[in-house]
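Architecture at a glance
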Amino acid sequence: MCLCCCFEITSTSQSYRNLVYLVGLNDGCIFKMLPIEVFTCFPGQMWDKVLSKVKKAVVFMDDKCAESLHWNGGATSVFEAGARNLKEFSSFEAGGENEPKAVFVVSTLLKGRTADIIKDIIGLSHFQYCVVFTTVAHSIQLFANNVTAELEGNPVFERFEEKLSEWMGDMNYTAEVIHAPVVFAPVSPQLLLTPTFAHLFPLLPQDLKTINIKRTEKKRFVSLTDVDMQSLTPELQIEIKTLASAVNCMFESTSTREESFAVGPMSRLIAGELANHPQAKSRRKTATNKASIVFIDRTLDLTGAAGHHGDSLVEKILTVLQPLPGHTTDVQVDMQELTNLQHIPDSQPTLAPGCLAQTQSSTARLLWETMLASKQKEAVMEVRRQLVEAASKENLPIKMSLGRVTPEQLCSYVQLFKSSWGALESNCGVLQLGLATAQTLRHPTLPRWDACLAFERLLLQALGDSDFAGVLRQLLPLMKPRGEEGSSSESSSGSRSGEDECGPDELLVLLVYLYSLAGEAQPADDEEVEKVERELIGALTLVVTRETELSPLLQKLTGCGSPEELTMERAHTAVEGVFETLKELSHARDHLKQFTSVYTASDGVHQATYRPFLRQVLEEIFHPDRPECPDIEHMSGGLTDLLKTGFSMFMKVSRPHPSDHGLLFLFLVGGVTPSELRLIREVVSAHKPGTQVLVLSTRLLRPTDVPELLFTTQRLVPDIGV
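It should be emphasised that the depicted structure is a prediction, and the values quoted were computed from it without experimental measurement. (Residues numbered from 1 in each chain as written. Predicted model: local features only at pLDDT ≥ 70, side-chain atom pairs only at ≥ 80, totals over all residues. Heavy atoms only, no water.)

1. Some thoughts on the environment of D334
Heads up, the condition is: Segments assigned H or I by DSSP are reported as helices when at least four residues long, segments assigned E as strands when at least two residues long, and all are numbered from the N terminus. Each residue's exposure class comes from its accessible area (1.4 Å probe, protein chains only) as a fraction of the maximum for that residue type: buried when under 20%, exposed when over 50%, partly exposed otherwise. Residues are treated as being in contact if the distance between any of their heavy atoms lies within 4.5 Å. Think of a polar contact as two N or O atoms within 3.5 Å of one another; within protein, one of them needs to be a possible hydrogen donor and the other a possible acceptor, and neighboring residues in sequence only count if both atoms come from side chains.
Mapped onto the fold, D334 is located in the loop between α14 (313–320) and α15 (362–373). Accessibility expressed as a relative area gives 43% for D334, which makes it partly exposed. Put simply, D334 and L351 are 17 residues apart on the chain and 8.1 Å apart in space, counted from C-alpha to C-alpha. With residues near it in sequence (within four places) discarded, D334 still touches L435 and Q439. From its side chain, D334 meets the backbone nitrogen of Q336 in a polar contact 3.0 Å long.

Below, the structure written as structure tokens:
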């Protein structure tokens, strides 16, 4: 049995449907507030739609949908629904001779590469019945085919059904195409991720230059805030429309009328698309529940995303353990300590890995939620407590110990279970989380986390005292190839350890951290800054070329799969591109009027500190005086809202405010960190404890994700499967 596939699907219970709270009257209608459990159950409902069709079928699924399924019951739910097999969505896969039914689950348009792969699989198989589920709504499929008129029925789906029958070799064979927005992953009761949009990231000034190239001089945009949907690439328009459509489906399923707000240019585009969604307009007329949704651009606070100050166990787990293949969030947990297999260095693993997603056991699920929402010390102690409790319950010979929790201690508790298959099977969820914790705490690269944190604190203090050139110069001693003299920090005793050496990935993260705060430094001479930057570019190029193995980030950055392919010229070009992007980061908040800084300088008594952007936004939203904030823009959804906005200029008409309703959705476009989830909970508890907050985001961030999203992602041309 594969331990990482022990999941069960969550479905909405009748009790949730009955759990509603009356919150007031609006235009003669009674509006109610649903508990957030109803929304976190929505992904499972969408997967139920897919599972109802998989009986006796071979299921082919792309990576993005597979990651959503992973947090919605996993492969087990597919087999329990009667599927014969579950395979990768690939031209190299096929069904067997005695497998006449296929179900395809894709996150893309039904054209181009996606259509080719489906055709290839069918051509190698003997199917007589094919069902295709796509997360892209029919209206967007029409848009992708340059059809703007409203047509009756679903002609794109109907035409694809004909193609499926044609590829199967008999027009009398059965073919179905169905829209199912299986894009959400309920990572916790307070967090829904969208793996399908993991690489959707707010645009940068260099993207604005690309957009303007195709526009006449008089029509060029001055800033990103001027960019509208029509000026974006077709691929990005489709991506934004698909995301807005998925959110609309969630609100439609729960009969919710939302007020949309945006902070940042990309958020404005997404919120505007949701506000003006054709189906949303009719939904709002009959909806019985109300909520606010605030979209926030990640680029407005890269300091928090790149920083190591979160004191979060989960952030460290995500950083040091290898990701599950094809996943952006979950990681591989080595399960070898639960077996008698011998560890052979540099050998390929023969044991399926464990993971963090736990939906089978309520105990494991609660432990994961604690790990995600707590500080590291509390989380580690809870892991130990759960392991001790599980061992005691199974009557295993556990030796109690108090005091500091060590990885060796956690491993010794876990190893008790390998003598009893029954105990191992019934506690596999807690054991996977225990091993993930132990493997992180003893990981050889973990000291780099503390080294980065120490240097970030140093930079934070230096910003208030020096000009930017002086602060940049403090990075130069770190820019040394691994193992060279001076490439790692020396302790007070003068000893040197290679474990806390910053490699290229960590150096890129530190550069993002520093440049995101560049505007806080004392005014500097531009020529002096350029001089230091040239030195840093040369030094970092040397660091990259001296690597004996290229990390996934460096492979994407340089376009080289191995050190042998990497030339000095290619490395230098890549690093120069990095610095061109870095220079723009300090201008991300230039268009804002209130939330202009995430830095509090030292006042002589207190040290300089990082002031999270998200905290500032939430404190403004929950301010008892409900002031109007120019940076939190309400996105109008129709004529009524426009009239209210217009009349409010000269009459006492209250504008919509994010705190109007007891249910608030926060959608962080570009990712959210585990420590920010804890921050949200703390701010809400302190300022408005009665409010329910559900966080949505494109991904759960680790610091090293930030350079990848900034330097290697095709933000204007996302992969839509064409």
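2. Brief notes about a negative patch on the surface
How we decide: For patch building, the residue pool is restricted to those with more than 30% relative accessible area and no salt bridge; the joining distance is 9 Å between like charges and 5 Å between nonpolar side chains (Val, Leu, Ile, Met, Phe, Trp, Tyr). The protein chains shown are the only cover counted for residues, whose accessible areas, like all others here, come from Shrake-Rupley with a 1.4 Å probe. For salt bridges, the criterion is a side-chain nitrogen of Lys or Arg within 4 Å of an Asp or Glu carboxyl oxygen. In this count, Lys and Arg are taken as positive residues and Asp and Glu as negative ones, while His and the chain termini are left out. Taken as the charge centre is NZ of Lys, CZ of Arg, CG of Asp or CD of Glu, depending on the residue.
Side chains of D525, D526, E527 and E530 sit close together on the surface and give a patch of like negative charge. Here D526 lies in helix α23 (residues 526–545).

3. Side note on the packing of aromatic side chains
Just so we agree on the cut-off: Any two of the Phe, Tyr and Trp rings considered here, Trp counted by its six-membered ring, make a pair once their centres fall within 6.5 Å; the pair's planes then place it as stacked at under 30 degrees, edge-to-face at over 60, or tilted in between.
Scanning all chains against the criterion turns up 12 aromatic pairs. Ring geometry for F60 and F127: centres 6.2 Å apart, planes at 70 degrees, overall edge-to-face. Here the residue F60 occupies a position in strand β3 (residues 58–61), and F127 occupies one in the loop between α6 (112–123) and β6 (129–134), the gap between them amounting to 67 residues. One exposure class covers both F60 and F127, and it is buried. Taking the centre distance of 5.6 Å and the plane angle of 75 degrees together, the rings of F595 and F613 count as edge-to-face.

4. Overview of the pattern of salt bridges
Once their charged atoms are close, side chains differing in charge can pair, the charge on each being opposite to the other. Per the stated rule, a full pass over the model turns up 23 salt bridges. In this structure, E633 and R268 form a salt bridge, with 2.9 Å as the shortest nitrogen-oxygen distance. With E633 in strand β14 (residues 633–635) and R268 in helix α11 (residues 265–275), the pair connects residues that are 365 residues apart, well separated along the chain. On the accessibility criterion, E633 (29% relative accessible area) is partly exposed. Of the charged contacts, one joins E682 and R678 as a salt bridge, the two residues approaching to 3.8 Å between their closest N and O atoms. With E682 and R678 both in helix α28 (residues 674–687) and 4 residues apart, the pair spans about one turn of that helix. Overall, E682 belongs to the partly exposed group, its relative accessible area being 40%. One salt-bridge network, held together by shared partners, links E258, R283 and R284.

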